[in-house]
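Examination of the molecular architecture
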Amino acid sequence: MSVRSSRAMSAVLAAALITSSFTPITSAFASAEASEITNRPIDSAEKTEDGVPDESHIIVDNGDGSSSLITMEETETTRSVLIENQNTGEKDSFVLDKTSNLLYSTRTGKTIDAAQIEKAPGISTRSSKSTNTVYKFSWKQIKDAVGSGATAGNIVGGILALTGAGSAAGGVTSVVSSIIAGISGFIPSDTRHGITATITTTKWYRNGKNVPYRTTKTLTGVWVY
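These numbers were taken from a predicted model, which means no experiment stands behind them.

Within the largest apolar cluster, 41 residues are counted, with the highest numbers of intra-cluster contacts made by Ile-70, Phe-137, Ile-142, Ile-155, Leu-219 and Val-222. Considering each element in turn, this core owes the most residues, 7 residues, to helix H3 (residues 152-163). With sequence-adjacent residues up to four places away left out, Ile-142 is seen in contact with Phe-137, Gly-147, Ile-155, Ile-187 and Ile-195.

Pasting the structure below:
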């Protein structure tokens with residue numbers, strides 16, 4: 001087994017250890033090694049008074065001694081995600097044109113067709129208020145968005161931009177950091193393997209009301225395939 005293969009396997013084992021105390025959710029893209037983190041606190045550790053996740057920002061531990069602040073801004077026509085390294089001050093951003101469904105990355109200067117991202121409805125839901133959607137990102141697609149070398153913050157930011165999620169469940173971004181560490185931060189041009197992510201969409205209702213007053217999207221699970 002090569003050194004890189006050993007590191008990649010270590011990343012998978014690290015993800016499995018982190019998620020071992022939680023019930024895995026099986027999807028069309030899950031493998032025997034796949035497990036995910038669900039129903040955990042939000043990474044930003046901030047919620048509104050009624051318990052709704054604060055989707056204004058996320059702080060990601062990159063696993064290399066640095067952290068990234070991710071902020072999001074959405075209009076009727078665009079979705080913008082800014083990733084700022086809190087240690088170096090480096091800034092990258094993703095801008096999704098909702099009309100064309102094209103994502104522009106300032107980090108690589110490339111445009112990604114969001115319609116090419118595979119997705120399928122999750123087969124497990126925790127309540128009638130929440131539904132899961134599974135997205136499959138190949139390493140090639142990730143490389144086009146963040147380049148050959150990237151932090152966990154860059155990758156999480158790209159996932160948020162492409163899926164519309166505004167928060168992340170606790171522990172999920174740590175798994176991304178472990179995966180990146182396992183491949184030494186080098187993103188390959190591989191179309192057959194990559195990262196799978198589960199986005200949970202939740203509708204929030206006030207007592208006695210049948211119409212949701214808010215809908216949120218949260219990154220609740222990641223694994224490699």
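Tracing the backbone through its elements, the reader meets Ser-66 in the loop between strand E1 (57-61) and strand E2 (67-74). A polar atom in the side chain of Ser-66 sits 2.5 Å from the side chain of Asp-64. Ignoring any residue separated from it by four or fewer positions in sequence, one finds Ser-66 in contact with Val-60, Asp-61, Asn-85 and Asn-87.

Here the focus is the environment of Leu-102. One can find Leu-102 in strand E5 (residues 102-105). According to the relative accessible area criterion, Leu-102 is partly exposed, its value standing at 35%. For the pair Leu-102 and Ala-115, spaced 13 residues apart in sequence, the C-alpha separation works out to 7.9 Å. With sequence-adjacent residues up to four places away left out, Leu-102 is seen in contact with Val-95, Leu-96, Asp-97, Thr-111, Ile-112 and Asp-113.

This part takes up the pattern of salt bridges. Under the defined criterion, the tally for this structure stands at 6 salt bridges. In this structure, Glu-74 engages Arg-79 in a salt bridge whose closest nitrogen and oxygen atoms are separated by 3.4 Å. Assessed through its relative accessible area of 45%, Glu-74 is described here as partly exposed. Overlapping salt bridges, with partners in common, bring together Glu-74, Arg-79 and Lys-98 in one network.

This paragraph deals with empty space enclosed by the protein. In the structure shown here, the tally under the stated rule is 2 cavities of 30 Å³ or more. By volume, the largest cavity is sized at about 90 Å³. Every residue lining the largest cavity is listed: Ile-112, Ile-117, Phe-137, Gln-141, Ile-142, Ala-145, Val-146, Ile-155, Gly-158, Ile-159 and Leu-162. Breaking the lining of the largest cavity down by element, the ones donating at least two residues are helix H2 (139-146) and H3.

Only a minority of non-glycine residues have a phi that is not negative, and only a minority of peptide bonds are not trans. A positive phi angle, near 65°, is found at Asn-101, a position not held by glycine. Its identity is not glycine, yet Ser-184 carries a phi of approximately 60°, on the positive side. Relative to the helices and strands, Ser-184 resides in the loop between helix H4 (172-182) and strand E10 (194-204).

Residues lying three or four places apart along an α-helix face the same way, a consequence of the helix completing one turn every 3.6 residues. Within the span of H2, buried status applies to Trp-139, Ile-142, Asp-144, Ala-145 and Val-146. Positive backbone phi, approximately 90°, marks Gly-147, located one or two places after H2.

Basis of the calculations
- Residues numbered from 1 in each chain as written.
- Predicted model: local features only at pLDDT ≥ 70, side-chain atom pairs only at ≥ 80, totals over all residues.
- Heavy atoms only, no water.
- Core = buried A, V, L, I, M, F, W, Y, C linked by side-chain atoms within 4.5 Å.
- Buried < 20%, exposed > 50% of the residue type's maximum accessible area, 1.4 Å probe, protein only.
- Helix = DSSP H or I, 4+ residues; strand = E, 2+ residues; numbered from the N terminus.
- Contact = heavy atoms within 4.5 Å.
- Polar contact = N/O pair within 3.5 Å; in protein donor to acceptor, adjacent residues only side chain to side chain.
- Salt bridge = Lys/Arg side-chain N within 4 Å of Asp/Glu carboxyl O.
- 1 Å grid on protein atoms, 1.4 Å probe; cavity = no way out; pocket = protein on both sides within 12 Å on 5 of 7 lines; lining within 4 Å.
- Points joined across faces, edges and corners; volume = space filled by probe spheres on them.

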